[in-house]
Amino acid sequence: MPWPGSWVADLGDWRDNLPPVRGKLLHDQPLAPYTWFRVGGPADVLFIPADEDDLAAFLKALPEEVPVTFMGVGSNMIVRDGGIEGVTIRLMGGYWGKVEPAGPNSLFARAGALDLSVAKAAAKAGLAGLSFFSGIPGTIGGAVRTNAGCYGRELKDVANQIEGITRSGERVRFEADIAQYGDPKVEFSYRHTNFPDDIIVTGLLLTGSGAGDPEVLEKEIAEHQKRRAETQPIKERTGGSTFANPDPPGTPDQRSSWKLIDQAGCRGLRVGGALVSEKHCNFLINAGDATAADIEALGELVRARVLDVTGVDLRWEIRRIGRPQTV
């Protein structure tokens, strides 16, 4: 996406001529409160659409030169200190957080539904095979970009349909891994998909593995939550797992990012107010006064040390967006 100056001059004061909406349009809105790291600059404009129709109409009318960025609950994300140019679209809570039964063995979850909420809704409905979502931070819409997973299962194992809206405001639906939009195939791999960047995910149809006992499923979720609390710094200002494991699950002699980070002597490493967690060293923490630049610099320092010590080039799992802070 272009930096400011390459498109603003052509549009004049574009923020005074935005399309009408039924949702909320907020200028110069601070984004730090919307991210789990609690860092980052403001959005030029933050748009919280009322529903799909509101979002589609807005995008159709918005000049194509205006950059668009989307976010959910801000868990697996670093918003840089200079903020985000153009329009940031946030799908979270209320309408966007709904999870509903959708036929035999299936749920339909809107993009802003928390992964934990999806797991709990499945348990309540007696639908097995979706409890693993309780171990994933963030929203179900965000899970698409990284093929999120844990406890031996991934989104690709349960995603039946993915609905979305393109940058030009057209509704699209992906079924059985084949996109109707341009007809490319959506390929899922470990912590990655080739899902088109210009499509905003609005909802998913998820298929479970069959009937389950709600009480048993709820206990399974509780066990997942207990395990997370014991092994991860979930009460800290963190963004979840920072780097993808070098090897997919099931690889012989699979290498784990946290072990490589530990081997490189990075446990407890600090840059400014950012800290590598002592509890789980694949988690970066805002220790209280970190900037986004501190956190990103710490991540790059960890990557450099791991590469130097082990020869492994770690891949960021956390999404980093926006402008660096200018002096």
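- As named in an unreviewed UniProt entry, the protein is UDP-N-acetylenolpyruvoylglucosamine reductase, taken from Henriciella mobilis.
- UniProt, in its Subcellular location (unreviewed entry) section for the protein, records the words "Cytoplasm".

### Structural notes on the overall build of the protein
Moving on, step 1. Counting secondary structure elements, the protein contains 7 helices and 24 strands.
Moving on, step 2. Each of the 327 residues in the protein was classed as buried or not, and the buried ones make up 52%.
Moving on, step 3. In the protein, of all internal contacts separated by at least 6 residues, the share reaching a separation of at least 24 is 65%.
Moving on, step 4. On the protein, roughly 14,800 Å² of surface is accessible, and the fraction owed to carbon and sulfur atoms is 49%.
Moving on, step 5. Positive and negative side-chain charges in the protein, numbering 36 and 43 respectively, have mean positions lying 5 Å apart.

### Looking at the sheet that holds strand 18 (residues 237–238)
Sheet strands associate in pairs through backbone hydrogen bonding, adopting either a parallel or an antiparallel arrangement.
Moving on, step 1. Taking strand neighbours across the sheet as the criterion, the 4 strands line up as 18-22-21-20 in an open arrangement whose pairing is antiparallel. Only two strands of the sheet have a single neighbouring strand rather than two, namely strand 18 and strand 20 (270–271).
Moving on, step 2. Pairing analysis gives 3 bridges linking strand 21 (residues 274–276) to strand 22 (residues 284–286), with the strands arranged antiparallel. By the bridge assignment, Leu 275 is partnered in strand 22 with Ile 285.
Moving on, step 3. Taken strand by strand, helix 7 (residues 292–310) contacts strand 20, strand 21 and strand 22, and its axis lies near 35° from that of strand 21.

### Comments concerning unusual backbone geometry
Moving on, step 1. A positive phi angle, near 50°, is found at Asp 28, a position not held by glycine.
Moving on, step 2. Along the chain, the position of Asp 28 falls in strand 1 (residues 24–30).
Moving on, step 3. A relative accessible area of 44% places Asp 28 in the partly exposed class.
Moving on, step 4. Look at Arg 191: it is not a glycine, yet its phi comes out positive at around 55°.
Moving on, step 5. With respect to the secondary-structure elements, Arg 191 resides in the loop between strand 14 (188–189) and strand 15 (192–193).

### What about the UniProt feature "active site" (unreviewed entry) in the protein?
Moving on, step 1. When the UniProt feature table is mapped onto this chain numbering, "active site" (unreviewed entry) sits at Arg 191, Ser 241 and Glu 317. Across 127 residues in sequence, these annotated residues keep their C-alpha atoms within 11.1 Å of one another, forming a single compact spot.
Moving on, step 2. Among the secondary structure elements, Ser 241 is positioned in the loop between strand 18 and strand 19 (243–244).
Moving on, step 3. Sequence-distant contacts of Ser 241, that is, excluding residues within four places in its chain, are made with Asn 76, Asn 282, Phe 283, Glu 317 and Ile 318.
Moving on, step 4. Note that Glu 317 resides in the loop between strand 23 (315–316) and strand 24 (319–321).

### Let's talk about the packing of helix 3 (residues 115–124) against helix 5 (residues 214–231)
Moving on, step 1. Following both chains from N to C, one finds helix 3 and helix 5 inclined at 155°, their axes separated by 8 Å at the closest point. Relative to helix 5, the element helix 3 lies roughly antiparallel. Between helix 3 and helix 5, the contacting residues are Leu 116, Ala 119, Lys 120, Ala 122, Ala 123 and Lys 124 on the first element and Pro 214, Leu 217, Glu 218, Ile 221 and Gln 225 on the second.
Moving on, step 2. A class-by-class count of the residues in the contact of helix 3 with helix 5 yields 7 nonpolar, 1 polar and 3 charged.

How each quantity is defined
Residues numbered from 1 in each chain as written. Predicted model: local features only at pLDDT ≥ 70, side-chain atom pairs only at ≥ 80, totals over all residues. Heavy atoms only, no water. UniProt positions renumbered as here; feature names shortened; annotations may be inferred. Helix = DSSP H or I, 4+ residues; strand = E, 2+ residues; numbered from the N terminus. Buried < 20%, exposed > 50% of the residue type's maximum accessible area, 1.4 Å probe, protein only. Contact = heavy atoms within 4.5 Å. Areas by Shrake-Rupley, 256 points an atom, 1.4 Å probe, with all protein chains shown as cover. Lys, Arg positive; Asp, Glu negative; His and termini not counted. Charge placed at Lys NZ, Arg CZ, Asp CG, Glu CD. Pairing = 2+ DSSP bridges. Axes fitted to C-alpha atoms, helices over the stretch in contact; angles between N-to-C directions. Parallel < 35°, antiparallel > 145°, perpendicular 65-115°, else oblique. Nonpolar A, V, L, I, M, F, W, Y, C, P; charged D, E, K, R; others polar.

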